[in-house]
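Chain and residue survey
Next come the chains, spelled out residue by residue.
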Amino acid sequence: MTENNNLLEVYDLKVHFFTDEGVVKAIDGVDMNVVNGKTLCLVGESGCGKSVTCRAFLGIVQKPGRIVSGQMLFRQNDRMIDIAKMDPKGQEIRQIRGKEISMIFQEPMTSLSPMYTVGNQIMENILLHTGASKQEARERTIALLDQVRIPKPERLVDEYPFRLSGGMRQRAMIAMALSCNPTMLIADEPTTALDVTTQAQILDLMLELQYKYGMALLFITHDLGVVAEIADEVAVMYLGKIVERADADTIFNHPQHPYTQALLRSIPKIAMRREELDPIKGMVPSPFRRPTGCNFNPRCPKAMSVCREIVPSMTQLSPGHTVACLLYESNIKNRKEGEQA
Ligand code: SF4
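Residues numbered from 1 in each chain as written. Predicted model: local features only at pLDDT ≥ 70, side-chain atom pairs only at ≥ 80, totals over all residues. Heavy atoms only, no water.

Re the overall build of the chain
Under the convention used in this document: Comment: elements are numbered from the N terminus, with helices defined as DSSP H or I runs of at least four residues and strands as E runs of at least two. Here the globule rule is a power law, 2.2 Å times the number of residues to the power 0.38, and the radius of gyration is based on C-alpha atoms. Relative accessibility thresholds used throughout: buried, under 20% of the residue-type maximum; exposed, over 50%; partly exposed, between the two (1.4 Å probe, protein chains only). Residue contacts are defined here by distance: any two heavy atoms, one from each residue, within 4.5 Å place the two residues in contact. The Shrake-Rupley method, run with a 1.4 Å probe, gives the accessible areas here. Residue values count only the displayed protein chains as cover. Only four residue types enter the charge count, namely Lys and Arg as positive and Asp and Glu as negative; His and the chain termini do not. By convention, charge coordinates are those of NZ in Lys, CZ in Arg, CG in Asp, or CD in Glu.
Per the secondary structure count, the chain includes 12 helices and 12 strands. Here the C-alpha atoms of the chain give a radius of gyration of 21 Å, agreeing with the 20 Å that 2.2 N^0.38 yields for 341 residues. Seen along its three principal axes, the alpha-carbon backbone of the chain occupies a region of about 70 × 50 × 45 Å. Per-residue burial over the chain gives 50% buried out of 341 residues. Excluding contacts between residues fewer than 6 apart, the proportion of contacts in the chain whose partners are at least 24 apart in sequence is 63%. Carbon and sulfur atoms form 51% of the exposed surface of the chain, whose accessible area is close to 17000 Å². Looking at charge distribution, the chain has the averaged site of its 39 positive side-chain charges lying 4 Å from that of its 40 negative ones.

Examining the sheet that holds strand E2 (residues 22-35)
Whenever strands of a sheet pair, they do so through backbone hydrogen bonds, lying parallel or antiparallel. Selection criterion: Criterion used throughout: strands pair if DSSP finds at least two bridges between them. An axis is simply a line fitted to the C-alpha atoms; with a helix, the fit covers only the stretch in contact. Between two such axes, the angle follows the N-to-C directions and lies from 0 to 180 degrees.
Taken in spatial order, the 4 strands of this open sheet run E2-E1-E4-E5, and their pairing is antiparallel. Bordering the open sheet on either side are E2 and strand E5 (79-82), each of which pairs with just one other strand. Each strand of the sheet is rotated relative to its neighbour by a mean of 10°, with strand direction disregarded. In the packing of helix H1 (residues 50-58) onto the sheet, contacts are made with strand E1 (6-19), E2 and strand E4 (65-76), and the angle to E1 comes to roughly 110°.

A short note on the packing of aromatic side chains
What counts here: Any two rings among Phe, Tyr and Trp, with Trp reduced to its six-membered ring, count as a pair given centres within 6.5 Å; such a pair is stacked if its planes are under 30 degrees apart, edge-to-face if over 60, and tilted if neither.
Under the counting rule described, the total for this entry stands at 4 aromatic pairs. Through successive ring pairs, a cluster of aromatic residues spans Tyr-238, Tyr-259 and Phe-296.

A closer look at the pattern of salt bridges
Opposite charge on two side chains permits pairing when their charged atoms draw close. For clarity, the threshold we go by: For this document, the term salt bridge refers to a Lys or Arg side-chain nitrogen within 4 Å of an Asp or Glu carboxyl oxygen.
With the rule as written, the count across this model stands at 8 salt bridges. Residues Asp-158 and Arg-138 are paired through a salt bridge, measuring 3.0 Å at the closest nitrogen-oxygen approach. Of this pair, Asp-158 sits in the loop between helix H6 (153-156) and helix H7 (166-178) while Arg-138 is found in helix H5 (residues 134-147), placing the two residues 20 residues apart along the sequence. Given the relative accessible area of 42%, Asp-158 is considered partly exposed. Across the salt bridge formed by Arg-149 and Glu-208, the nearest N and O atoms sit 2.4 Å from each other. Taken together, the residues Arg-149 in the loop between H5 and H6 and Glu-208 in helix H8 (residues 196-213) connect sequence positions 59 residues apart. Exposure remark for Arg-149: the relative accessible area of 44% places this residue in the partly exposed category.

Notes on the domain arrangement of the chain
Note the cut-off: As used throughout, domain bounds are those supplied by an automatic or database domain assignment.
Taken domain by domain, the chain consists of domain 1 (111-181) and domain 2 (253-340). For domain 1 and domain 2, the distance between their C-alpha centroids amounts to 44 Å.

What to know about the site of the ligand
Rule in force here: We call a residue near a given molecule or strand whenever any one of its heavy atoms falls within 4 Å of it. By the convention adopted, Pro, Cys, Tyr, Trp, Phe, Met, Ile, Leu, Val and Ala count as nonpolar, Lys, Arg, Asp and Glu as charged, and the other residues, Gly among them, as polar.
Taken together, His-257, Pro-258, Cys-294, Asn-297, Cys-300, Lys-302, Ala-303, Cys-307, Pro-312, Cys-325, Leu-326 and Leu-327 make up all the residues around the ligand. Residues that form the shell around the ligand fall into these classes: 9 nonpolar, 2 polar and 1 charged.

Here we look at a nonpolar patch on the surface
Condition: Like-charged residues within 9 Å of one another, or nonpolar side chains (Val, Leu, Ile, Met, Phe, Trp, Tyr) within 5 Å, are grouped into patches, provided each residue has over 30% relative accessible area and no salt bridge.
Together, Phe-18, Val-23 and Val-68 make up an exposed nonpolar region whose accessible area comes to about 210 Å². Note on placement: Phe-18 falls in strand E1. When its relative accessible area of 34% is taken as the criterion, Phe-18 is described as partly exposed.

Describing H1
Looking at H1, one finds that the buried residues are Lys-50, Thr-53, Cys-54, Ala-56, Phe-57 and Leu-58. Trailing H1 by a residue or two, Gly-59 shows a phi angle of about 70°, which is positive.

Thoughts on the nonpolar core
The line we're drawing: Throughout this description, the term nonpolar core refers to a set of buried Ala, Val, Leu, Ile, Met, Phe, Trp, Tyr and Cys residues connected via side-chain atoms within 4.5 Å.
Core analysis: the largest hydrophobic core is formed by 56 residues, its most contacted members being Ile-174, Met-206 and Phe-219. The element best represented in this core is H7, accounting for 7 residues. Excluding anything up to four places from it in sequence, Ile-174 contacts Ile-104, Val-148, Ile-202, Leu-205, Met-206 and Leu-209. Judged by nonpolar contacts, the second largest core, of 37 residues, contains Leu-8, Ala-216, Ala-235 and Met-237.

Brief notes about unusual backbone geometry
Here Lys-63 and Pro-64 are connected by a cis peptide whose omega angle stands at 10°. By the element assignment, Pro-64 lies in the loop between H1 and E4. One non-glycine residue, Asn-77, lies in the positive phi region at around 50°. Looking at where Asn-77 falls in the secondary structure, it is placed in the loop between E4 and E5. Judged by its relative accessible area of 74%, Asn-77 falls in the exposed class. Positive phi outside glycine occurs at Asp-78, with the angle close to 70°. One can find Asp-78 in the loop between E4 and E5. Overall, the relative accessible area of 73% leaves Asp-78 in the exposed class.

Here is the structure:
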């Protein structure tokens, strides 16, 4: 992951939560990369660590969690800087957060302050990160609201968030995220709280703006329908690890990891009867009682006895297609002996 068009390169990222009950390894060795101008979808069930991973990129992991190891190399003016080494409250990360990397959250009502007008909140970001005057910031805010197709933006700029519908609030959040022309936009399930029609409009808008600004888009979702619509590449996550990564066509047509295959089988189809549904069996294990070996082994239809003993490592199946499953590792016997020694 070096001589390339990567905007972000992540190596062996670990984020742990230190609770009274024990340590929760929310992110347990994530390797990934985000390519300039492309859309990467991070998918997986709730609680698999998608949101924590993205919060780590912005240095906003909530306590009692913290980054315990790993590198997050972000491209800034032709050099790679390690975000993992930055003080989460320091000046360096503040220059990146909200300016070069922006984030849109799932529920816009909780992300926008009810105490300030929509315009004030967007203007604050512009004033913080650019040398704009108040008047310039206000004009830019109105232009941004217009760009995200909010009607009568010159009036709405002075409204409070509770006066807006869910879809309009999410449009305002997108305007805020774009206010400083970020090179990377992280969207954490931005359409989950919206009805289907508004969801489709917001997705179209985001893709249009991504194309216009040439940003990289890291899109977190558990909705494979959304992934099929927008992804260039897909990373599938399970219990704090990436288990498969490939371009969208490969993931949908030739998935190799048993978890990815099970996720795709579980998508309900129109006219499917209830008894024909094929959910993934079992539950996501408690974070305090992770299985030994492969995390997915208690639920995996292809599990072997060795799967309870060895943690799979990433295997490259073809250029750009990697999978963490012992079915594809040729040296299991050597690894088993090595781990027992
Ligand atoms: Fe299933 Fe074993 Fe592969 Fe894990 S390593 S996904 S348990 S076959």
